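Analysis of the macromolecular model
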Amino acid sequence: MFHTRNTQQAWSKLKLAMDTHLGIRPPLTFTSLLLGSFLIVVTPLLGGIYNMSNQLDRMSLEALHSMQITEEATLKNRQLTKVALSLQRSSGQFYVLEDPSLIKRLEKSHQHFQDIVFRLRTIPFDENQTSILDDLIAQESDLFLRLKSNRSSGPDGFETFKRDFDRLHESVAGLNEKLSKVIQRQQTILHKTTNQARQTMIWQSTVVILLSLILAAVLSWLLSRPVRQLSQSIGRLGNDDLETPVQVTGPQDMVSLGHQLDWLRQRLVELEEQKQRFFRQVSHELKTPLTALWEAVDLLSDKVAGNLSNQQQEIVEIMHGSVRVLRQRIEELLHYQQALHHTKNRNLSSISLSSLIKSATRNFDLSLKAKHLTLLNRSTGIILQADKGQMEIIFNNLISNAIHFSPDGSMIEVSAEYFEDKIQITVCDQGVGVPPEDRPHIFQPFYQGANQTSSRIAGSGLGLAIAKAHVEAHGGELILKDEIITGGTCFLIRLPHDKEKLNNDC
């Protein structure tokens, strides 16, 4: 393990040196990356707002232009009608009064008429409407020249132009209709422009929102990646995976946090190895004098040193029981450490559950007979893919726990069945059961529940913790069932069941 860790550290240092030499730098901080991501997401929105502003400006200019054309057409239409009447009235005064000075008023009306028609050319007419303007100018100019050059005077002379003035008024009225069509066309153009602008803004808004959401999703994923890496690393540490190094990519502060977490992992590895060495040394130091003490008690029990009195025999029996309990406690501690830190080293094989229960039952024959207990084995036909040694520890601890809390003359039942892709195994007794306040803590190491028996040999509180660790190492779960109607305690084991692998092994 030390060799692997040193190799990983050397590789990390080499990679850091290469990145530094090549000029590869991660973002300074998570905050700066967050701010940059915010600006990237906001940029499309700002662009969309700018485009919408341009569309609104275009609509405003188009509306203003249409209003100007409408106002200009309406005003010039009225003026042209008035000027045509003024031209007719000035001509009539000139002919009736026969005053040469009135010719200037006639010329002024003519010039005013021409100016209005020329100003109407600024309005966007089509070719047909423009030709009407040309005809109107030509018609009025011809009428003006004839009025000015005619030698006849008096009302009779003016009466000869009546039909010409009627045609002029009809032409002005026809122009009014054309101007109305121009105004309608401008309104249609404005309406069309408004619809196009509205559709463009809707389309742009949709694209901008989708683009912003996509950018936000991508950047959120990138920003959350170092957090996910840290979370996964913490989860692995919580699941006792101290071999996988912590690797975090992203902002410099998050990478630094990853390095600190990896330092913590390495420190935990060192502490774990120190603890393992401590347990090995303590077990060795305890087993050596304990073995000598056990042999000495056996010698006394076998009366090698001479006959013992009744009182001495009782003392030897007490010593013998205490030594046995002490050896059992040391073995449980060692088994618990093994269950926690060597669960990955499993030798899987096909095991008959019924044979496994029978073997465990033989180990407790004396305890079962002493309390007149019956162990009912209902696990025929169940085949496990598991580590035999770890399975023996599991059922030894569960059956031992059931014997410990079972009243005299009661029954212990072990049953199993296939359920979907699981194997469900139950170990039930008819004891006093587990109080509700003890249920959340029953699988905790060294926990002693409230319902203890009157036996002089108290449990260590490690049996269920060891069993749970081995079951979880096989990908299963060990739980305390709640639906106990007849009293007692019932543990449920769920183990994965691979039918294809089982058939291949068979």
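Quick look at the structure, then. The shown structure was predicted, so the numbers you read here are calculated from the model rather than taken from an experiment. (Residues numbered from 1 in each chain as written. Predicted model: local features only at pLDDT ≥ 70, side-chain atom pairs only at ≥ 80, totals over all residues. Heavy atoms only, no water.)

1. Describing the overall build of the protein
Along its length, the protein carries 13 helices and seven strands. Put simply, the protein has 506 residues, and 34% of those count as buried. Across the protein, the fraction of contacts at a sequence separation of at least 24, relative to all contacts at a separation of at least 6, is 72%. Of the roughly 30,700 Å² of accessible surface on the protein, a fraction of 57% belongs to carbon and sulfur atoms. (Helix = DSSP H or I, 4+ residues; strand = E, 2+ residues; numbered from the N terminus. Buried < 20%, exposed > 50% of the residue type's maximum accessible area, 1.4 Å probe, protein only. Contact = heavy atoms within 4.5 Å. Areas by Shrake-Rupley, 256 points an atom, 1.4 Å probe, with all protein chains shown as cover.)

2. With respect to the pattern of salt bridges
The final tally for this structure, using the stated rule, is five salt bridges. As a salt-bridge pair, Arg-265 and Asp-262 come within 2.9 Å of each other at their nearest N and O atoms. Taken together, the residues Arg-265 and Asp-262, both in helix H7 (residues 252-301) and three residues apart, mark about one turn of the helix. Comparing Arg-265 with Asp-262 shows no difference in burial state: the two are buried. Close ionic contact of Arg-378 with Glu-413 constitutes a salt bridge, the shortest N to O distance being 3.0 Å. Taken as a pair, Arg-378 in strand E2 (residues 374-378) and Glu-413 in strand E4 (residues 411-419) lie far apart in primary sequence, 35 residues in all. Given a relative accessible area of 27%, Glu-413 falls into the partly exposed group. (Salt bridge = Lys/Arg side-chain N within 4 Å of Asp/Glu carboxyl O.)

3. Quick look at the pairing of strand E6 (residues 477-480)
Of the two faces of E6, the one lined by Leu-478 and Leu-480 is fully buried and the one lined by Glu-477 and Ile-479 carries no buried residue. Here E6 runs beside strand E7 (residues 490-496); their pairing, made up of four bridges, is antiparallel. Within E7, the position partnered with Leu-478 by the bridge is Ile-493. (Pairing = 2+ DSSP bridges.)

4. A word on the packing of aromatic side chains
Within this structure, the stated rule accounts for one aromatic pair. Pairing Phe-443 with Phe-491 gives two aromatic rings, centres 6.0 Å apart and planes at 70 degrees, and the pair type is edge-to-face. With a gap of 48 residues between them, Phe-443 in the loop between strand E5 (422-428) and helix H12 (463-473) and Phe-491 in strand E7 connect regions that are remote in the sequence. The class of Phe-491 is buried, set by a relative accessible area of 3%. In this arrangement the basic side chain of Lys-468 is found over the ring face of Phe-443, its NZ or CZ atom lying 4.9 Å from the centre. (Phe/Tyr/Trp six-rings, centres within 6.5 Å; stacked < 30°, edge-to-face > 60°. Lys NZ or Arg CZ within 6 Å of the ring centre and 35° of its normal.)

5. Here's the deal with the sheet that holds E2
Here five strands make up an open sheet; going across it, the order is E2-E4-E5-E7-E6 and the pairing mixed. The outermost strands of the open sheet, each flanked by one partner alone, are E2 and E6. Here the average twist between neighbouring strands, direction ignored, is 15 degrees. Strand direction decides the pairing type here: E2 and E4, joined by five bridges, are parallel. Its bridge partner lying in E4, Thr-374 is registered against Met-411. (Axes fitted to C-alpha atoms, helices over the stretch in contact; angles between N-to-C directions.)

6. A short note on the state of the cysteines
All chains considered together, the criterion is met by one disulfide. One disulfide in the model links Cys-428 with Cys-490; its S-S distance is 2.0 Å. Of this pair, Cys-428 sits in strand E5 while Cys-490 sits in strand E7, placing them 62 residues apart in sequence. (Disulfide = S-S within 2.5 Å.)

Read these as spatial facts, not as claims about activity.
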